[in-house]
Amino acid sequence: MGGTPDGTEHLIVRRAGATLVLTLNRPEARNAFSLPMLAALHDAWLLADADDDIRSVVLTGAGGAFCSGMDLKALAERQAPDDAVRARFRADPDLHWKAMLRHHRPRKPVIAAVEGPCVAGGTEILQGTDIRIAGTGATFGLFEVRRGLFPLGGSTVRLPRQIPCTHALEMLLTGRPYTAAEAERIGLVGHVVPDGTALARALETAELVNANAPLAVEAVKASVHDTEALDERAALALELERGQAVLATADAKEGARAFAEKRPAVYRRA
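Source: prediction; values computed, not measured.

### With respect to the environment of Ile133
Piece 1. By the secondary structure assignment, Ile133 is in strand 6 (residues 131–135).
Piece 2. Along the chain, Ile133 and Arg102 lie 31 residues apart, while their C-alpha atoms are 20 Å from each other.
Piece 3. In contact with Ile133, not counting residues within four places along its chain, are Ile111, Ala112, Ala113, Val114, His191, Val193, Ala198, Arg201, Ala202 and Thr205.

Now the structure itself:
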């Protein structure tokens, strides 16, 4: 997946057990988004949603960088290696927003493993992930205002909901870079690890997620996101509905039996 006619893969897709690992692969451009990359990302999110054997997704970048945002020149000129890719974007003008997780929320947990630059569109797609791990040398930032642009990847809406508003506005309005330590302090990322180890830590975290009951994991993620814009009464009602559905599953009974019998649970998504 993600292959182009000249053999270059803008997105590397591989399986690591029950985890789908997506690697942005344009290191010569610090993994800036290209049209083939975005088309492949869109397909990868759909694959993760559709395949019940996939329990988590890890998103990372090749060559010591996460993502430096849009390849503005390529996107402005609608550069693509073949007519099929161009045709996909003509047929679905929303495709790039789905790929960047602005208009699509994956059903499975998404873990970001960040090394090096994670700026502009990189920081924007980061906000569509659920768990975020960064190397010490990672950098973050929304530079759009410095170029007379607007961060249309969702940052003016999502960022103030994910970190304190004063920090969100400082990041949005100053356009300055942030270190990994700063990103952890304000809550943009959850963990900072030695450079070169973010992917390994993300895969370890994915394994912890994968060991849990998938229906429960997906319901918890959905509840968190679907209630964030609701008032407390409506949010608690939705949570109760989701939670009771999980408690009625065979997997919930299996979890209780396994605990009582002091053995690993075997979940069957039922």
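### So, helix 9 (residues 198–210)
Piece 1. In this model helix 9 runs 18 Å from its N-terminal to its C-terminal C-alpha over 13 residues, within 8% of the 18 Å that 1.5 Å per residue would give.
Piece 2. Looking at the buried positions of helix 9, the neighbouring elements they touch are strand 2 (19–24), strand 3 (56–61), strand 4 (110–114), strand 6, strand 9 (191–193) and helix 10 (214–226).

### Things to note about the pattern of salt bridges
Piece 1. Under the criterion given, the structure shown has 18 salt bridges.
Piece 2. Of the charged contacts, one joins Asp130 and Lys221 as a salt bridge, the two residues approaching to 2.8 Å between their closest N and O atoms. In this pair, Asp130 sits in the loop between helix 5 (121–126) and strand 6 while Lys221 sits in helix 10, placing the two residues 91 residues apart along the sequence.
Piece 3. The exposure class of Asp130 is partly exposed, given its relative accessible area of 28%.

### Here we look at the sheet that holds strand 7 (residues 139–141)
Piece 1. Pairing in this open sheet of three strands is mixed, and the strands run 5-7-8 from one edge to the other. On the outer flanks of this sheet lie strand 5 (117–119) and strand 8 (178–179), each paired with one strand and no other.
Piece 2. Note: strand 5 against strand 7, three bridges, orientation parallel. When the sheet's bridge partners are listed, Val119 is paired in strand 7 with Gly141.

### Observations regarding the packing of aromatic side chains
Piece 1. Counted under the stated rule, the structure contains zero aromatic pairs.
Piece 2. The ring of Trp97 has Arg102 lying over it, and the distance from NZ or CZ to the ring centre is 5.1 Å.
Piece 3. Over the ring of Phe143 we find Arg146, and its NZ or CZ is 4.8 Å from the ring centre.

### What to know about the nonpolar core
Piece 1. Leu22, Phe33, Leu41, Val114, Phe140 and Leu188 are the most contacted members of the largest nonpolar core, which totals 47 residues.
Piece 2. Each residue touching Leu41, except ones within four places of it in the same chain, is listed here: Leu11, Leu22, Leu24, Phe33, Leu59, Ala99 and Ile125.
Piece 3. Judged by nonpolar contacts, the second largest core, of eight residues, contains Ala113, Ile133, Ala202 and Ala206.

### Some words on the sheet that holds strand 6
Piece 1. One open sheet accounts for six strands, arranged 1-2-3-4-6-9; its pairing is mixed. The open sheet is flanked by strand 1 (11–16) and strand 9, the only strands paired with a single partner. Recorded for the sheet is a direction-independent mean angle of 20° between the axes of neighbouring strands.
Piece 2. Bridge analysis of strand 2 against strand 3 gives six bridges, and the strand direction is parallel. When the bridges of strand 3 are listed, Thr23 appears paired with Thr60.

### So, the pairing of strand 6
Piece 1. Burial analysis of strand 6 places four of its five residues in the buried class, the great majority of the element.
Piece 2. Two elements, strand 4 and strand 6, share four bridges in a ladder whose sense is parallel. Each residue of the ladder has a partner; that of Ile111, found in strand 6, is Ile131.
Piece 3. As paired elements, strand 6 and strand 9 share three bridges and run parallel to each other. Note on strand 9: the bridge partner recorded for Ala134 is Val192.

### Some thoughts on the pairing of strand 4
Piece 1. Most of strand 4 is tucked away: five of the five residues are buried.
Piece 2. With burial as the criterion, each face of strand 4 is covered, one bearing Val110, Ala112 and Val114 and the other bearing Ile111 and Ala113.
Piece 3. Strand direction decides the pairing type here: strand 3 and strand 4, joined by three bridges, are parallel. Directly across from Leu59, in strand 4, lies its bridge partner Ala112.

About the cut-offs
Residues numbered from 1 in each chain as written. Predicted model: local features only at pLDDT ≥ 70, side-chain atom pairs only at ≥ 80, totals over all residues. Heavy atoms only, no water. Helix = DSSP H or I, 4+ residues; strand = E, 2+ residues; numbered from the N terminus. Contact = heavy atoms within 4.5 Å. Expected span 1.5 Å × (residues − 1). Salt bridge = Lys/Arg side-chain N within 4 Å of Asp/Glu carboxyl O. Buried < 20%, exposed > 50% of the residue type's maximum accessible area, 1.4 Å probe, protein only. Pairing = 2+ DSSP bridges. Phe/Tyr/Trp six-rings, centres within 6.5 Å; stacked < 30°, edge-to-face > 60°. Lys NZ or Arg CZ within 6 Å of the ring centre and 35° of its normal. Core = buried A, V, L, I, M, F, W, Y, C linked by side-chain atoms within 4.5 Å. Axes fitted to C-alpha atoms, helices over the stretch in contact; angles between N-to-C directions.

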